[in-house]
Structure formats: C-alpha cells, structure tokens
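Each chain, letter by letter, is given below.
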Amino acid sequence: AVLAGFIGAGIAVSWPRATYLAGRLPAIRDAGSYVWGFWWIAHQVEHFGNPWFTRYIDAPAGAQLGLHALMPLPGVLMMPVTIAFGPSASYNLLSVVMPGLMCYAMYRVGRLWLPSQAGAIAAGAFFGLSSMLTWRSWYHLNLAAGVLFLPLALEAAVRLTRRPGWRQAAVLGLVVGGALLTDQEMAVLVLILTFVALLPWLLRR
C-alpha cells in the first residue's frame, strides 16, 4: 500500500509524464538514447551478444558503450515490456514509476531509525518527490535510476552492521553490483556511502 501510494504521488507531481505511456516521447535527444539502449540490451540478451559494444554506431569499426547511458540492469529487468510493447514503453514506464520507487527506498531507510511510520513516509516523500529527482526521472533517467541505489545501499549496509552475516553481505554486494550495472556515475557515490556507513562498525570490530 505504501509503495502504491508513493507511485501515485510520483505520477501526480510529474504530471503529465504519465500521459506519455500512450506512445509519446519527450522532445529531447536523451529520450532517443534511452529508447535505443532498452532496445539494444533486449537485442543483445536475445542473441547472447556483448551489450557494451555495437557496430550500429560508427560503422563499420563500431563503438564501445562503456560511457553510454546504457543501464544494462534496468534494460534486462524491463525486457518483458520491451519485447511486448517496445523500448519506448519501457523508457516511459520506468520514468513514470521512478519517483515512487525512490520514495519507497528512502521510506525503508527511514524505518530503520524513525519511531513512526508517518515519519518514514515523510522521509520517503521528501526524497523521491523532490524537484531535483523528479526532474532527473523525466530528463536523465540513468541518473535517477542510479540515485535509487543510494538508499538501497544504505539500508543494506545498516542491516549488515546490525546483523552481520554472509546473507546480509551478499545483499549489500548485489546492491552495489546493481548500481554499477545501472549508472557508473552514481555507483561511485553508492560505494562512498557504503564505505561511510560501514566504517564505524569496521573500526569497532
């Protein structure tokens, strides 16, 4: 219910972005880049190809895509939508739900410290519905998707310090790895945040 409420609030504050699900794209060059990225990831997974290299750009030599806003992990997760409805649908759908997902991720972090659920909901709303992040969700989807991993990493790190074990460590490793496969720029911040969250616990031990 909390997640659904956050997604609804994200749709409201980013309106009319949800109307683009009918098939429209924002009139920016980045939108075409993201759509191509969703198509490329699905194409390469289906053909067991290397997603980080393409000959569709700078043919016939090809180009490395390491510095491209490719988002391999979201591309794989959105593959059913991409295959069924096209890469534009994947791009629009992820843009629409991203503010709500960021809200929910920060809400989970808030539940680790705040005594009331209302306080955690407020923390999630102030984070995910902020003008900076809703704007990123509309125009720079890779950065918004990367920011999502900041509260995810913080929650995983805190849970590891409270209940040390290989399972919690594996969860934290998966979160950091997911950040790297989503946006390399935000992955650097995820690594820094993880280190800062773990450092006091490591020094005590």
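Owing to the predicted nature of the structure, the values given are computational and were not obtained by experimental measurement. The written sequence of each chain sets the order in which its residues are numbered from 1. Where local features are concerned, this predicted model is filtered to residues with pLDDT of at least 70; where side-chain atom pairs are given and counted, the filter is 80 or more; whole-chain, interface and lining totals use all residues. Calculated side-chain values reflect all of the structure's heavy atoms, with hydrogen atoms and water omitted.

Participant: How should the overall build of the chain be read in this particular structure?
Facilitator: Here a helix means four or more residues in a row that DSSP labels H or I, a strand means two or more in a row labelled E, and each is numbered from the N terminus. The number of helices and strands found in the chain is eleven helices and two strands. In the chain, the succession of helices and strands from N to C terminus is α-α-β-β-α-α-α-α-α-α-α-α-α. Here the C-alpha radius of gyration of the chain, 18 Å, is about what a compact globule of 205 residues would show, namely 17 Å. Dimensions of the chain, computed from the C-alpha atoms along their principal axes, are close to 55 × 40 × 25 Å. Out of the 205 residues in the chain, the part that is buried amounts to 44%. Accessible surface is estimated by sampling points in the Shrake-Rupley manner with a 1.4 Å probe; for residues, cover comes only from the protein chains shown. For the chain, the exposed area adds up to about 10800 Å²; of that, 68% sits on carbon and sulfur atoms. Note on charges: Lys and Arg go in the positive column, Asp and Glu in the negative column, and His and the chain ends are not counted at all. Think of each charge as sitting on NZ of Lys, CZ of Arg, CG of Asp or CD of Glu. The positive charge centre, built from 13 side chains, and the negative charge centre, built from 6, are 16 Å apart in the chain. Within these notes, the globule rule equals 2.2 Å times the number of residues to the 0.38 power, and the radius of gyration is based on C-alpha atoms. When accessible area is computed with a 1.4 Å probe and restricted to protein chains, residues below 20% of their type maximum are described as buried, those above 50% as exposed, and intermediate ones as partly exposed.

Participant: Sorry, what's going on with a nonpolar patch on the surface here?
Facilitator: The residues that make up patches have over 30% relative accessible area and no salt bridge, and they are joined within 9 Å when like-charged or within 5 Å when they are Val, Leu, Ile, Met, Phe, Trp or Tyr. Here, a salt bridge means any Lys or Arg side-chain nitrogen found within 4 Å of an Asp or Glu carboxyl oxygen. Taken together, the side chains of Val188, Leu189, Ile192, Phe195, Val196, Leu199 and Leu203 present a nonpolar region at the surface, about 660 Å² in accessible area. If you trace the backbone, leucine 199 turns up in helix α11 (residues 184-204).

Participant: Help me out: how do you make sense of the side chain of asparagine 92 in this one?
Facilitator: Looking at the secondary structure, you find asparagine 92 in helix α5 (residues 87-113). Pairs of N or O atoms within 3.5 Å make up the polar contacts considered here, provided that, within protein, one atom can donate a hydrogen while the other can accept it, and that residues adjacent in sequence are counted only when both atoms are side-chain atoms. At 2.8 Å, the side chain of asparagine 92 forms a polar contact with the side chain of arginine 17. The criterion used for residue contact is that any of the two residues' heavy atoms lie within 4.5 Å. Setting aside its immediate chain neighbours within four residues, asparagine 92 contacts Arg17, Tyr20, Leu21, Arg24, Leu25 and Pro26.

Participant: What should I look at first to understand the packing of α5 against helix α9 (residues 149-162) in this one?
Facilitator: When two helices pack together, you describe them by how their axes are tilted relative to each other and by the distance separating the axes. Comment: axis = line fitted to C-alpha atoms, over the contacting stretch for helices; angle = value between 0 and 180 degrees taken between N-to-C directions. Running from N to C, α5 and α9 point in directions that differ by 30°, and their axes come no closer than 8 Å. Comparing the axis directions of α5 and α9 gives the class roughly parallel. In this structure, α5 crosses over α9, and the sense of that crossing is left-handed. Between α5, through Ala105, Met106, Arg108, Val109, Leu112 and Trp113, and α9, the contact on the second element is made entirely by Pro151, Leu152, Leu154, Glu155, Val158, Arg159 and Arg162. Each residue is assigned to one of three groups, with Ala, Val, Leu, Ile, Met, Phe, Trp, Tyr, Cys and Pro labelled nonpolar, Asp, Glu, Lys and Arg labelled charged, and all others, Gly among them, labelled polar. A per-class count over the contact of α5 with α9 returns nine nonpolar, no polar and four charged. We call two directions roughly parallel when the angle between them is under 35 degrees, roughly antiparallel when it is over 145, roughly perpendicular when it lies between 65 and 115, and oblique otherwise. Handedness of each helix crossing follows the sense of rotation of the near helix against the far helix: counterclockwise by less than a right angle gives left-handed, clockwise gives right-handed.

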